[in-house]
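Descriptive structure summary
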Amino acid sequence: MHTLRFPLKTGRQKEQVLSKGFTAMGKLHNVVVKECKKRLRMLRRDPEYRALKKVYAKTDSASRREAGAAMNALVKSYGLTENSLHAFIRPWQARNRHLVSSHQAQEEASRVYAGVEKVLYGKGKDVHFKKAQDILTIASKSWNGLQYYDPLHTGYYKKSVRPVYLEEVFYLNTHFRVVIDWSDPYVRESLDHPVRYAQIE
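Residues numbered from 1 in each chain as written. Predicted model: local features only at pLDDT ≥ 70, side-chain atom pairs only at ≥ 80, totals over all residues. Heavy atoms only, no water.

What follows covers the packing of aromatic side chains. Inspection of the entire model under this criterion finds zero aromatic pairs. The side chain of Lys14 reaches across the aromatic face of Phe176, ending 5.7 Å from its centre. For Arg64, the ring lying beneath its charged end belongs to Tyr56, and the centroid distance is 4.2 Å. (Phe/Tyr/Trp six-rings, centres within 6.5 Å; stacked < 30°, edge-to-face > 60°. Lys NZ or Arg CZ within 6 Å of the ring centre and 35° of its normal.)

Encoded structure:
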């Protein structure tokens with residue numbers, strides 16, 4: 001698998017589009033974080049969970065396994081799972097589908113969940129809110145929401161072929177020209193294959 005990074009050719013109008021996208025992703029992130037904080041707070045207040053944590057910390061391996069399994073069941077019951085967060089963000093994404101695709105919403109929810117895992121099983125203290133300027137990437141788990149097109153591997157728009165003459169990223173109904181250094185042999189070899197995944201940084 002090859003990984004490449006290219007600058008986008010933008011102007012004032014297109015930079016405003018990108019700003020809108022990063023702002024939307026920041027709002028999405030914070031909606032998920034707020035819900036995770038609430039669920040973590042409820043879990044920590046649960047008497048059974050608190051008792052199990054004490055058992056887990058003080059007992060032998062067999063009892064630790066039993067306590068760990070019971071704790072994981074409680075974690076799941078409070079909706080602190082990746083799939084549960086995907087389901088939680090779905091209505092928000094549906095209301096904001098013009099800004100965030102379903103796969104982009106899932107990808108950001110998965111990133112927040114990675115922080116939840118550190119809180120539950122690692123040394124993390126809490127999950128954190130972000131400002132729009134703190135969002136560093138707009139990604140998607142698939143071709144949904146953020147597409148890369150090139151003349152060799154022509155893409156499809158609404159079931160009709162759109163001629164592509166230059167490499168571009170299509171995001172929020174806007175075409176962004178990709179600036180590529182074709183003198184680099186690694187770049188030429190990599191782009192001889194279809195691009196499966198793209199993100200904006």
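Okay, back to it.
Turning next to the packing of helix 1 (residues 12-45) against helix 5 (residues 102-121). The interhelical angle for the contact between helix 1 and helix 5, taken along N-to-C directions, is 35°, at an axis separation of 10 Å. Seen from above, helix 1 lies across helix 5 with right-handed handedness. Contacts between helix 1 and helix 5 involve Met25, Leu28, His29, Val32, Val33, Cys36, Leu40, Leu43 and Arg44 on the former and, on the latter, Gln104, Ala105, Glu108, Ala109, Val112, Val116, Val119 and Leu120. In the contact of helix 1 with helix 5, the residues fall into 13 nonpolar, two polar and two charged. (Axes fitted to C-alpha atoms, helices over the stretch in contact; angles between N-to-C directions. Helix = DSSP H or I, 4+ residues; strand = E, 2+ residues; numbered from the N terminus. Left-handed = near helix turned anticlockwise from the far one by under 90°. Contact = heavy atoms within 4.5 Å. Nonpolar A, V, L, I, M, F, W, Y, C, P; charged D, E, K, R; others polar.)

The final tally for this structure, using the stated rule, is six salt bridges. For Arg111, the salt bridge is made with Glu107, and the minimal N-O distance between the two is 4.0 Å. Of this pair, Arg111 and Glu107 both sit in helix 5, separated by four residues, roughly a single helical turn. Through salt bridges with shared partners, a single network forms among Glu35, Lys38 and Arg39. (Salt bridge = Lys/Arg side-chain N within 4 Å of Asp/Glu carboxyl O.)

Further remarks concern helix 3 (residues 61-77). Along its 17 residues, helix 3 runs 24 Å from first to last C-alpha, staying within 8% of the 24 Å computed at 1.5 Å per residue. Among all positions in helix 3, only Ala67, Gly68, Met71, Leu74 and Val75 are buried. Down the axis, helix 3 shows its buried residues gathered within 125° of arc, on one side only. Along helix 3, the residues that are exposed and aim more than 90 degrees away from the buried face are Arg65, Glu66, Lys76 and Ser77. On its buried side, helix 3 packs onto helix 1, helix 2 (47-58) and helix 5. Taken from the residues just after helix 3, Gly79 is the one with a positive phi, measuring 75°. (Expected span 1.5 Å × (residues − 1). Buried < 20%, exposed > 50% of the residue type's maximum accessible area, 1.4 Å probe, protein only. Arc of directions from axis to C-beta.)

In spatial order, the strands read 1-7-6-3; together these four strands make up an open sheet with antiparallel pairing. What marks the edges here is a single partner per strand, and that holds for strand 1 (8-9) and strand 3 (147-149). Across four bridges, strand 6 (residues 168-171) lies against strand 7 (residues 174-178) in antiparallel orientation. Residue pairing in the sheet places Tyr171 in a bridge with Thr174 of strand 7. The strands touched by helix 1 within the sheet are strand 1, strand 6 and strand 7, with strand 7 carrying the most contacts at an inclination of about 110°. (Pairing = 2+ DSSP bridges.)

This part takes up the pairing of strand 7. The two faces of a sheet get side chains in turn, since along a regular strand they alternate between them. Burial of the side chains of strand 7 is restricted to one face: Thr174, Phe176 and Val178 are buried, whereas none of His175 and Arg177 on the reverse face is. Where strand 1 meets strand 7, two bridges bridge the pair, whose relative direction is antiparallel. Considered in strand 7, the bridge of Leu8 is made with Val178. Between strand 6 and strand 7, which pair antiparallel in sequence order, lie two residues; one of them, Leu172, sits at a positive phi of approximately 50°.

Quick look at unusual backbone geometry now. A negative phi holds for most residues other than glycine; trans holds for most peptide bonds. Positioned with a positive phi, Leu172 is a non-glycine residue whose angle comes to about 50°. Overall, Leu172 belongs to the buried group, its relative accessible area being 19%. Even without being glycine, Asn173 reaches a positive phi, approximately 60°. With respect to the helices and strands, the residue Asn173 is situated in the loop between strand 6 and strand 7. Accessibility expressed as a relative area gives 69% for Asn173, which makes it exposed.

So, on to the confidence of the model for the protein chain. Mean pLDDT over the protein chain: 87, with 91% of residues reaching 70 or higher. When pLDDT is averaged over each element of the protein chain, helix 4 (residues 82-95) comes out on top at 97 and strand 4 (residues 156-157) at the bottom at 48. The low-confidence segment residues 156-160 (pLDDT under 50) makes seven contacts with residues lying over four places distant or belonging to another chain. (pLDDT = per-residue confidence, 0-100.)

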